[in-house]
Every structure is written in structure tokens, then in C-alpha cells.
Amino acid sequence: MREIRAHDEDQAKERFAASLNERVRGEAVLRAAEERLRDAQSGPIAQGFGPLTGAALVSREAWVNRLRNDRADAALRMNSYDNELQRRRVELTDASRAREVLDKLETRQREAHRQAGERIANAELDEMGLRAHARRSAA
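Description of the structure in this document. (Residues numbered from 1 in each chain as written. Predicted model: local features only at pLDDT ≥ 70, side-chain atom pairs only at ≥ 80, totals over all residues. Heavy atoms only, no water.)

Right, let's talk about the pattern of salt bridges for a bit. A complete count under the given rule lists 16 salt bridges for this structure. Glu-84 serves as the salt-bridge partner of Arg-87, at 2.9 Å between the closest nitrogen and oxygen. Remark: Glu-84 and Arg-87 occur in helix α2 (residues 54–138); sequence separation between them is 3 residues, near one turn of the helix. With a relative accessible area of 43%, Arg-87 lands in the partly exposed category. Residue Arg-88 is joined to Glu-84 by a salt bridge in which the shortest nitrogen-to-oxygen separation is 2.8 Å. Of this pair, Arg-88 and Glu-84 are both found in helix α2, 4 residues apart, which corresponds to roughly one turn of the helix. For Glu-84, a relative accessible area of 24% puts it in the partly exposed group. Look at the salt bridges and you will find they share partners, linking Arg-15, Glu-84, Arg-87, Arg-88 and Glu-91 into a network. (Salt bridge = Lys/Arg side-chain N within 4 Å of Asp/Glu carboxyl O. Helix = DSSP H or I, 4+ residues; strand = E, 2+ residues; numbered from the N terminus. Buried < 20%, exposed > 50% of the residue type's maximum accessible area, 1.4 Å probe, protein only.)

Shown next as C-alpha cells:
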């Protein structure tokens, strides 16, 4: 049973690590989306360089809106990654506790078995001592 719990804990660790890795990648995607949005908002048209035609303004605004949407999507994915990571953390904690409970139970059982063995050994030594004393007293 302990091996099963240890295996469950190992799998929970792997799933937690995978979720953490996804979150790190999601964070990188979010930072890149934010950087692209900042660059687009402070690009040449925003600084007053280049022709300021209506088509250029509409095109730029559409581009900025798309980048805002990309950034919002990345933020939503990050929220999802955070939720999944939290769920995996709880799963890992539960698996670790289950294994620790079995480890403690095993330790207690080993200790109880050791104590029972010592009691039997002590009882046998006491019996041997009583027999030796009885033989000496009889002689």
C-alpha cells in the first residue's frame, strides 16, 4: 500500500511540475504580448513619425486592438494556469499526507513489533533465570 501511495505522490509531483512549467511558459507569453502592445502603442505613428492618413490610423488602431485582445487572452490563460497550479499543489499536498500517514503507521507497527519481540525475549530470559535459580536452590 505504501508503494502505491509513494507512486501516487510521484505522479502528483510530475503533474505539479508540468503545471508549473505551463505557468512559466504562459507568463513568458503574457510578457511578450504586453511588450508587443507597448511597442505598438509607442510606435512611429504614436510618436508622430510617418504619414498620418485615415487608413494608417484605422490600421494602427485595429492592430493595437488585436494586441490588446492577445494580451487579454494571455492574461486569461495565466489565470487558468494559476488555478491549475493551485489544484495540482493541493493534489500533491494530499498525496504527500497520505504517504506520510502510511509511513507513520509503518513506523508505529515496526516499533510495536520490536517491543513485542523484546517482551518475548525478556520473558524467556526471566524464565531461564527462574529455572537456573530453582536448580541452584534445589541443589
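There is more to say after this.
Inspection of the secondary structure puts Ala-18 in helix α1 (residues 2–41). On the accessibility criterion, Ala-18 (39% relative accessible area) is partly exposed. Considered as a pair, Ala-18 and Asn-122 are 104 residues apart in the sequence and their alpha carbons are 54 Å apart.

Before going further, it helps to spend a moment on the environment of Glu-124. Relative to the assigned elements, Glu-124 resides in helix α2. Overall, Glu-124 belongs to the partly exposed group, its relative accessible area being 49%. Between the C-alpha atoms of Glu-124 and Ala-72, which are 52 residues apart in sequence, the distance is 78 Å.

What follows concerns the nonpolar core. In this structure, Ala-12, Phe-16, Leu-85, Leu-92 and Ala-95 together form the largest nonpolar core, which totals 5 residues. Tallying contributions element by element places α2 first for this core, with 3 residues. In contact with Ala-95, other than residues within four places in its own chain, are Asp-8, Glu-9 and Ala-12. (Core = buried A, V, L, I, M, F, W, Y, C linked by side-chain atoms within 4.5 Å. Contact = heavy atoms within 4.5 Å.)

Everything listed here is a matter of geometry and, on its own, says nothing about what the molecule does.
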